[in-house]
Amino acid sequence: MALRPVQVNIKAVDCRSLGRFWAEALGWTAYAPGVTTYVGPDDGLVWPDPVGVGIDIVPVPEPGTTAKNRVHLDLATESTAHQAELVARLRSLGATPADVGQGDVPWTVLTDPEGNEFCVLEPREVYQDTGPIAAVVVDCADPRAMASFWAEATGWTLRQVTDTQTVLRSADGTGPFLEFIRTPDTKTVPDRVHLDLLPYPRDDRAAEVARLRRLGATDLDVGQGEVPWTCLADPEGHEFCVLAPS
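Here's what I pulled together on the structure shown here. Sequence order sets the numbering: in each chain, residues are counted from 1 along the sequence as written. Reporting of local features is limited, given that this is a predicted model, to residues whose pLDDT is at least 70; pairs of side-chain atoms are given and counted only at 80 or more, and all residues count toward the totals for whole chains, interfaces and linings. Neither water nor hydrogens contribute to the side-chain values; these are computed over all heavy atoms in the structure.

Here the focus is empty space enclosed by the protein. With a 1 Å grid laid over protein atoms only, a set of points is called a cavity when a 1.4 Å probe fits there but cannot get out and a pocket when it is open yet has protein on both sides within 12 Å along at least five of seven lines; lining residues have an atom within 4 Å of a point. Grid points are joined across faces, edges and corners, and a volume is the space filled by probe spheres set on the points. Using the criterion set out here, one finds 3 cavities of 30 Å³ or more in the structure. Of the volumes computed, that of the largest cavity is approximately 60 Å³. Residue lining of the largest cavity: Val71, Val136, Val138, Trp150, Phe180, His194, Leu195, Asp234, His238 and Glu239, and that is the complete set. For the purposes of this entry, the term helix denotes a DSSP run of H or I that reaches at least four residues, the term strand denotes a run of E that reaches at least two, and both are numbered from the N terminus. Among the elements of the structure, β9 (133–140) and β13 (193–199) are those that each provide at least two residues to the lining of the largest cavity.

Right, dumping it as structure tokens:
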């Protein structure tokens, strides 16, 4: 039993505008099939059986706080020239430079037009086959424990395990990495960015949710009301959702 990470969920006051930004950033297409805006590859909307990790932008009435998100995206580049071009293009689209204490590093930290942090990485061989999203990165206190939970939750393979960083990737070696980075800060507010998971077609969603609770997930009330998905938090309090198959 396992669940597929199928989308990065981002809350936004103007989800249509932010969807256009992320579509331009990733070279993908923004679709608006309902109240949310889905950003995915150009070969069409593949819901409810997505073949990769997309972005779902959900409208909310309130803007984000100044607190740093504990989940962010790293974007892949093919060369130093590509990195510079991408940073310049993103800034022209409304991204702004951000200082999160990174110091002198070869990657560039930006925020999208609604203040969500992300990184444009220098070219790295390990990310050359991920597509435009190199990694979904999660700040945490205990990378080993987080990797253990998420590996069990998703069936993804551990690629790196240290006290400061753990790395997972899908068993078939496709798509972005899922990385847990030890940081000294603690979670103080709900994140504007989280992962959504989906059962495989023949799996029972209720059984999967029960399995996650046994692994240490807890139920979460974010005011969602009666909805077909289940809101949970991992053992360090990072929000995520288990979606309905249809």
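Glancing now at the pairing of strand β16 (residues 239–242). Each regular strand displays side chains that alternate between the two surfaces of the sheet. For every residue, the accessible area obtained with a 1.4 Å probe (protein chains only) is divided by the maximum for its type, and the residue is called buried under 20%, exposed over 50%, and partly exposed between those limits. Neither face of β16 is open: one carries Glu239 and Cys241, the other Phe240 and Val242, and all of them are buried. As defined by bridge partners, β13 adjoins β16 across 3 bridges and the pair is classed as parallel. Residue Leu195 lies in a different strand from β16, and its bridge partner there is Phe240. Sheet topology note: the strand β15 (residues 230–233)/β16 ladder contains 4 bridges and is antiparallel. If you follow Leu232 over to β16, its bridge partner there is Phe240. Where β15 folds back onto β16 in an antiparallel hairpin, the turn is made up of 5 residues, including Gly237, whose phi is positive at roughly 90 degrees. Being paired, for any two strands, means DSSP has found at least two bridges between them.

With that out of the way, let us pick up the nonpolar core. As a rule of thumb, soluble globular proteins bury nonpolar side chains together. In this structure, Trp22, Ile55, Leu90, Phe118 and Trp150 are the most contacted members of the largest nonpolar core, which totals 49 residues. Among the elements that take part in this core, helix α1 (residues 15–26) stands out by supplying 7 residues, more than any other. Whether two residues are in contact is decided by their heavy atoms: any pair within 4.5 Å suffices. In this structure, Trp22 is in contact with Ile10, Val39, Ile55, Ile57, Leu73, Leu75, Asp112 and Phe118, ignoring residues within four places of it in sequence. Buried Ala, Val, Leu, Ile, Met, Phe, Trp, Tyr and Cys residues that are joined via side-chain atoms within 4.5 Å together make up what is termed a nonpolar core. Residues Leu121, Ala134, Ala135 and Val137 belong to the second largest nonpolar core, which totals 11 residues.

In this structure, the second largest pocket encloses a volume near 510 Å³. Along the walls of the second largest pocket sit 27 residues, with Pro5, Val51, Gly52, Val53 and Thr174 positioned nearest its centre. In terms of residue count, the dominant contributor to the lining of the second largest pocket is strand β1 (residues 3–12) (3 residues). Classification convention: Asp, Glu, Lys, Arg as charged; Ala, Val, Leu, Ile, Met, Phe, Trp, Tyr, Cys, Pro as nonpolar; all other residues, Gly among them, as polar. Taken together, the residues that form the lining of the second largest pocket break down as 15 nonpolar, 9 polar and 3 charged.

Attention now goes to the sheet that holds strand β2 (residues 29–31). If you trace the 8 strands from one edge of the open sheet to the other, you get β2-β3-β4-β1-β13-β16-β15-β14, paired in mixed fashion. Two strands bound the open sheet, and with one partner strand each, they are β2 and β14 (218–219). Note that β1 and strand β4 (residues 54–59) share 6 bridges and pair parallel. Within β4, the position partnered with Ile10 by the bridge is Ile57.

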